[in-house]
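Chain and residue survey
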Amino acid sequence: MKATERSTIATAFQEISKRAVAHVRELKQNKPYILVGAATCGRAAGALDVLKTFREEIKKRNLDCPVIEVGCMGHCYAEPIVIIGKPGYPPVCYGYVNPVIAERLVNEFILGENPCPEFVIGALEANDILPSFQDFPRAKYEQKIILKNCGHIDPTDIEQYIAAGGYTGLAKAIDMPPEAIINEIKKSGLRGRGGAGFPAGRKWQYGRDAKGTTKYIICNADEGDPGAFVDRAILESDPHSVIEGLIIAGYAVGARYGYIYVRAEYPLAVERVGIALKQSKKLKLSGSNILGSNFNFDIRIFQGSGAFVCGEATAMANSIEGKAGTPRPRPPRMTTSGLFGKPTVVNNVKTLAYVPQIIKNGASWFIKTGTKDSPGTAVFALAGKIVNTGMVEVPMGTTLRQIIFDVGSGIPNKKLFKAVQIGGPSGGCLPEASLDLPVDFDSLQNAGAIMGSGGMVICDEDDCMVEIARYFLEFTQRESCGKCTFCRLGTRQMLEILTDFTQGKGKLEDIDNLEKLAEEVKAGSLCGLGQTAPNPILTTLRYFRNEYEEHIKLGKCPALMCQHLIAYYILPDKCERSCDACIGSCTVEAITPNKKRIKVIDQEKCVKCGTCLKACPPQYNAIVKLSPPSEVPK
Amino acid sequence: MKMVNLTIDGKKIKARPGEKLLWAALDNGIYIPNLCAIKDKPEPNAACRLCWVEIEGNKEPVTACTIEVADGMVVNIRGQNALALARAGFELLMASHALDCAHCSANGVCELQKIAKTLKCSLKPRRLRLLLRDLSVDDSNPLFTLDPNKCVLCGRCVWECRKSKEKAVLGFAHRGFDRVLTTFGDEPIEERCMNCSTCVEVCPTGALAFKEGKKSADIA
Ligand SMILES: Cc1cc2nc3c(=O)[nH]c(=O)nc-3n(C[C@H](O)[C@H](O)[C@H](O)COP(=O)(O)O)c2cc1C
Ligand code: SF4
Ligand code: SF4
Ligand code: FES
């Protein structure tokens with residue numbers, strides 16, 4: 001690029017940036033403002049009602065206080081979440097907000113001087129008035145790179161993104177030779193966040209070196225794993241970070257077109273990405289002659305039908321081409337022959353979201369965080385038996401124990417930790433003994449799990465490992481495209497065996513059969529879906545084999561989860577004669593009082609729905625589950 | 001054209017550069033079990049997962065239909081790991097195949113029988129359980145029947161049928177275990193079939209079979 005063009009790019013961006021900063025100053029400076037987290041997670045908890053209340057209250061009182069809809073901050077356990085900024089106070093974050101609380105916050109904090117500490121989760125900055133996030137144990141571990149803007153800026157306002165430093169990376173990138181960008185990404189050691197951890201720089205290099213003039217970049221936002229939602233949250237909360245990364249990738253690889261492949265079940269993400277694309281085009285940050293340079297890059301959104309296998313890169317290419325979404329054999333690599341047979345780079349949402357900041361701050365900044373072979377941060381979606389469900393971003397190398405117990409605040413209801421399932425249906429279950437494992441791509445792989453989509457489901461003593469394996473396998477066998485023998489038929493064979501185990505019909509030799517089949521399906525399947533589907537089985541067999549054996553040998557489910565292997569029983573010495581709570585709760589009339597008015601369950605009639613256990617008042621706590629069912633005294 | 005030299009099971013052969021290993025072997029009289037490979041289809045299906053071979057220098061077995069020949073390549077088609085995978089795949093197929101050789105018109109020419117012989121394994125699954133689907137047989141066509149319970153989903157018939165646009169009667173529907181060879185909207189084959197019966201000729205099993213007394217020469 002010529003020096004003259006270079007200076008025009010910088011000047012053009014300076015103009016845009018100046019305007020954006022002025023816009024945000026006008027919006028927020030010297031006055032109060034309210035941010036309402038209204039991504040899908042917030043909306044499910046009622047964020048739109050809260051938003052409406054704030055708007056009405058502010059309007060009624062004629063206040064100069066913008067109410068801004070933002071994305072997800074990651075504290076999903078406390079949704080709806082609101083941040084209020086007011087001159088003289090640090091910005092304060094409130095949780096579990098409802099319309100009543102919203103009205104009070106306007107009356108007492110916006111109009112008055114009472115920040116309502118009873119609803120505060122934490123102030124965003126350390127201060128002497130209110131507790132701040134810095135005082136939380138999780139603050140010691142959390143470090144936000146790609147979640148930095150999420151929940152803090154309006155995802156439909158490009159100027160808020162720019163004022164927060166956005167598009168600086170792009171402006172810098174198109175002042176650099178493409179090779180230099182690829183080198184920077186290589187130096188940063190950035191690895192793909194879509195599952196396998198393939199080095200992004202190397203993939204870009206393959207794409208750049210591939211023969212041909214038409215090349216594509218695809219942003220993979222299929223996110224089909226049950227329980228995963230980080231990519232959705234980023235697209236809903238900070239779509240420009242992904243778009244900027246995609247454009248930089250396009251420039252580096254020499255691509256003219258980009259696709260964002262989002263599942264159609266993510267309507268809010270589709271809408272926000274659509275708005276963001278229009279805005280970037282209007283400011284000449286995408287489209288033709290980006291920032292006055294001769295670089296052109298157009299981005300299209302492709303809405304997928306939501307098949308899990310379409311997240312696999314070659315199936316995704318088929319799907320965009322209008323063919324059946326089944327995988328193609330490799331080689332050839334996607335970077336040699338991908339979408340429409342052209343060289344194609346596929347990167348995950350998170351991978352692309354890191355790119356602008358790496359270019360802006362330099363590779364040497366990025367590698368300060370994380371481990372040598374897995375630099376940067378890891379983003380997890382915490383779910384299951386954990387106090388703080390939601391998204392967390394921590395440096396790679398943080399241990400599972402720190403993530404689960406310090407960041408996630410541990411297991412609720414004083415239960416014991418049993419296992420953590422990482423990486424969804426392609427991942428694995430790790431036991432207590434793995435808790436001090438520093439989390440990165442390679443350590444997880446060695447333990448039998450994978451980083452995957454970043455889903456982290458925490459299991460406690462009430463979760464049965466055989467049932468967990470069966471649950472994930474049921475998902476993969478249903479989502480198998482059916483093209484290849486091992487996955488189509490092998491996952492079904494394994495599911496049959498696992499189902500037998502959970503129903504007490506297993507035979508001991510079935511364990512060996514299952515293990516052998518699992519190894520075969522892993523080795524024999526055509527694509528990653530089949531190749532990783534056995535992981536939940538292999539890890540539970542590796543770490544919890546005794547649970548399998550108990551199911552088979554004793555007909556016992558130690559976690560008391562597998563319905564066929566348990567019975568409900570009323571402890572006679574705990575049952576209160578005058579109480580009838582369980583009798584009415586039972587839908588099949590299996591409970592009757594005996595002569596002493598102690599309630600007894602007719603095991604023949606019982607359908608094991610568990611309603612009675614919940615109906616029995618906590619002061620009596622007379623109903624228990626027993627396994628095997630023969631434990632019930634005659 | 002400069003030919004590529006390679007060795008398969010000790011036999012030295014020549015192949016065109018870019019040729020897939022499976023075809024190089026077959027063309028030289030070396031049989032590697034296969035069902036889904038189609039010579040004139042540019043992209044291999046790689047679906048049946050039976051054509052496993054071991055290549056010197058590679059840790060894991062690979063599918064011969066997806067690997068291009070290379071100069072100096074040394075291939076072992078009887079390696080233990082390759083055979084184990086091929087047998088495992090074959091047993092999976094047979095566990096969901098309505099086995100009835102005695103009454104099947106393909107008896108004697110069926111490729112499943114040939115593969116069992118090559119792999120030295122039984123047609124009846126020993127380790128796996130039978131998972132049959134009991135799908136209905138389509139005998140609407142005057143020349144042939146389609147019994148999806150015998151189909152191994154190789155895709156050969158679909159490829160033949162879709163070569164010309166006006167045909168395109170056969171195709172796959174559904175996902176996973178439910179994947180099935182059928183017609184658009186599951187209508188009887190006869191609705192749109194042009195009776196070319198090439199599908200029957202390419203079918204490696206008895207899934208597509210001429211009716212008693214009919215053969216391809218009977219085309220109207
Ligand atoms: C069955 C299956 C599903 C996948 N789903 C996704 C997905 O939802 N999102 C994703 O980014 N990658 C997914 N992948 C991985 C992609 O094939 C591909 O490796 C990835 O998008 C590359 O991006 P990265 O290098 O940035 O990680 C999936 C792979 C398989 C086998
Ligand atoms: S592994 Fe499963 S999903 Fe992948 S091609 Fe085979 S059948 Fe389809
Ligand atoms: S009917 Fe025959 S040719 Fe067609 S897919 Fe089935 S086995 Fe293959
Ligand atoms: S012939 Fe190679 S996978 Fe079917």
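The structure we're discussing is the one just above.
1. Comments concerning the interface of chain A and chain B
- Taken together, the contact pairs 32 residues of chain A with 27 residues of chain B.
- Both faces combined, the contact of chain A with chain B buries some 2600 Å², and carbon together with sulfur accounts for 58% of it.
- Between Arg129(B) and Asp510(A) there is a salt bridge; the shortest N-O distance is 4.0 Å.
- Residue contributions to the side of chain A that touches chain B peak at 10 residues, all from helix α18 (residues 485–502) of chain A.

2. Some points on the sheet that holds strand β14 (residues 455–460) of chain A
All names here are of chain A.
- In spatial order, the strands read β11-β10-β14-β12-β13; together these 5 strands make up an open sheet with mixed pairing. Only two strands of the sheet have a single neighbouring strand rather than two, namely β11 (390–395) and β13 (428–431). For this sheet, the mean angle separating the axes of adjacent strands, direction not counted, is 30°.
- In this sheet, β14 lies alongside strand β12 (residues 417–422) in antiparallel orientation, the contact comprising 5 bridges. Note that in β14 the partner of Phe 417 across the bridge is Asp 460.
- Its contacts with the sheet put helix α17 (residues 465–479) on β12, β13 and β14, and the angle it makes with β12 is roughly 15°.

3. Some points on the packing of helix α3 (residues 47–60) of chain A against helix α4 (residues 99–111) of chain A
Residue and element names in this part refer to chain A.
- At a minimum axis separation of 9 Å, α3 and α4 run at an interaxial angle of 30°. Here α3 is positioned roughly parallel relative to α4, judged by the angle of their axes. Judged by the sense of rotation from one axis to the other, the crossing of α3 with α4 is right-handed. Residues Asp 49, Val 50, Thr 53, Phe 54, Glu 57 and Ile 58 of α3 lie in contact with α4, whose contacting residues are Pro 99, Ala 102, Glu 103, Leu 105 and Val 106.

4. Considering empty space enclosed by the protein
- Across all of its chains, the model carries 12 cavities of 30 Å³ or more by this definition.
- Empty space within the largest cavity amounts to approximately 160 Å³.
- Taken together, 15 residues line the largest cavity, and the ones lying closest to its centre are Leu489(A), Ser96(B), His97(B), Arg133(B) and Cys151(B).
- Classifying every residue of the lining of the largest cavity gives 10 nonpolar, 3 polar and 2 charged.
- The calculated volume of the second largest cavity comes to roughly 130 Å³.
- Surrounding the second largest cavity, 18 residues form its lining, Lys148(A), Tyr161(A), Gly166(A), Pro356(A) and Gln357(A) being those nearest its centre.
- Of all the secondary structure elements, the ones that give two or more residues to the lining of the second largest cavity are α6 (168–173), α10 (239–253) and α13 (349–361) of chain A.

5. Overview of the side chain of Ser480(A)
- With respect to the helices and strands, the residue Ser480(A) is situated in the loop between α17 and α18.
- A polar side-chain atom of Ser480(A) sits 3.1 Å from the main-chain amide nitrogen of Gly482(A).
- Apart from the residues within four sequence positions on either side, Ser480(A) is in contact with Cys487(A), Arg488(A), Leu529(A), Arg175(B) and Gly176(B).

6. With respect to the sheet that holds strand β2 (residues 11–15) of chain B
Residues and elements named next belong to chain B.
- With mixed pairing, 5 strands are arranged side by side in an open sheet as β2-β1-β5-β3-β4. Edge positions in the open sheet fall to β2 and β4 (62–63), since each of these has one partner strand only.
- Here strand β3 (residues 52–55) runs beside strand β5 (residues 73–76); their pairing, made up of 2 bridges, is antiparallel. Of the residues in β5, the one forming a bridge with Glu 54 is Asn 76.

7. Re the pairing of strand β15 (residues 567–570) of chain A
All names here are of chain A.
- Along β15, one buried face is formed by Ala 567 and Tyr 569 and the opposite face, lined by Tyr 568 and Ile 570, is buried too.
- Relative to strand β18 (residues 623–626), β15 is paired through 4 bridges, and the arrangement is antiparallel. Across the sheet, the residue bridging to Ala 567 is Leu 626, located in β18.

8. With respect to the environment of Thr377(A)
All names here are of chain A.
- Position of Thr 377 among the secondary structure elements: in strand β10 (residues 377–384).
- Take Thr 377: its relative accessible area is 0%, and that puts it in the buried class.
- Along the chain, Thr 377 and Leu 508 lie 131 residues apart, while their C-alpha atoms are 43 Å from each other.
- If we skip the residues at most four places from it in the chain, Thr 377 touches Gln 143, Ile 145, Arg 193, Tyr 354, Thr 369, Glu 393, Val 394, Pro 395 and Met 396.
- At 2.6 Å, the side chain of Thr 377 and the side chain of Glu 393 are in polar contact.

9. Thoughts on α10(A)
- A rise of 1.5 Å per residue sets the reference length of α10(A), with its 15 residues, at 21 Å; its end C-alpha atoms lie 21 Å apart and thus fit the reference within 8%.
- Of all 15 residues making up α10(A), 15 are buried, and the element is well covered by its neighbours.

10. As for the side chain of Asn149(B)
Residue and element names in this part refer to chain B.
- Relative to the helices and strands, Asn 149 is located in the loop between β6 (144–146) and α4 (156–161).
- Since its relative accessible area comes to 12%, Asn 149 is described here as buried.
- Side-chain polar atoms of Asn 149 contact the backbone nitrogen of Leu 135, separated by 2.7 Å.
- Not counting chain neighbours up to four residues away, the residues in contact with Asn 149 comprise Ser 96, His 97, Ala 98, Arg 133, Asp 134 and Leu 135.

11. Considerations on the site of ligand 1
Residue and element names in this part refer to chain A.
- Taken together, 18 residues form the shell around ligand 1, and within it Gly 194, Lys 203, Glu 223, Asn 348 and Thr 351 come nearest.
- Taking Arg 193, its main chain carries an N or O atom lying 3.3 Å from an oxygen atom of ligand 1.
- Measuring from an oxygen atom of ligand 1, one finds a backbone N or O atom of Ala 313 at 3.1 Å.
- Coverage of ligand 1 by the protein chains reaches 87% of its 600 Å² of free accessible surface.
- Elements represented by at least two residues in the shell around ligand 1 include exactly β9 (344–348) and α20 (528–532).
- No other element matches the 3 residues that β9 contributes to the shell around ligand 1.
- Classifying every residue of the shell around ligand 1 gives 4 nonpolar, 9 polar and 5 charged.

12. Observations regarding the nonpolar core
- Counting 73 residues, the largest nonpolar core has Ile181(A), Trp204(A) and Leu285(A) as its most contacted members.
- Element by element, the count of residues in this core is highest for α10(A), at 9 residues.
- In this view, Leu285(A) contacts Phe13(A), Ile16(A), Ile158(A), Ile162(A), Tyr167(A), Leu170(A), Ile247(A), Ser280(A), Ile290(A) and Leu291(A); residues no more than four positions away in its chain are not counted.
- Counting residues in hydrophobic clusters, the runner-up holds 54 residues, among them Ile511(A), Leu50(B), Leu85(B) and Leu131(B).

How each quantity is defined
Residues numbered from 1 in each chain as written. Chains lettered and ligands numbered in written order. Predicted model: local features only at pLDDT ≥ 70, side-chain atom pairs only at ≥ 80, totals over all residues. Heavy atoms only, no water. Contact = heavy atoms within 4.5 Å. Buried area = accessible area lost by both parts, 1.4 Å probe. Salt bridge = Lys/Arg side-chain N within 4 Å of Asp/Glu carboxyl O. Helix = DSSP H or I, 4+ residues; strand = E, 2+ residues; numbered from the N terminus. Pairing = 2+ DSSP bridges. Axes fitted to C-alpha atoms, helices over the stretch in contact; angles between N-to-C directions. Parallel < 35°, antiparallel > 145°, perpendicular 65-115°, else oblique. Left-handed = near helix turned anticlockwise from the far one by under 90°. 1 Å grid on protein atoms, 1.4 Å probe; cavity = no way out; pocket = protein on both sides within 12 Å on 5 of 7 lines; lining within 4 Å. Points joined across faces, edges and corners; volume = space filled by probe spheres on them. Nonpolar A, V, L, I, M, F, W, Y, C, P; charged D, E, K, R; others polar. Polar contact = N/O pair within 3.5 Å; in protein donor to acceptor, adjacent residues only side chain to side chain. Buried < 20%, exposed > 50% of the residue type's maximum accessible area, 1.4 Å probe, protein only. Expected span 1.5 Å × (residues − 1). Near = heavy atom within 4 Å. Areas by Shrake-Rupley, 256 points an atom, 1.4 Å probe, with all protein chains shown as cover. Core = buried A, V, L, I, M, F, W, Y, C linked by side-chain atoms within 4.5 Å.

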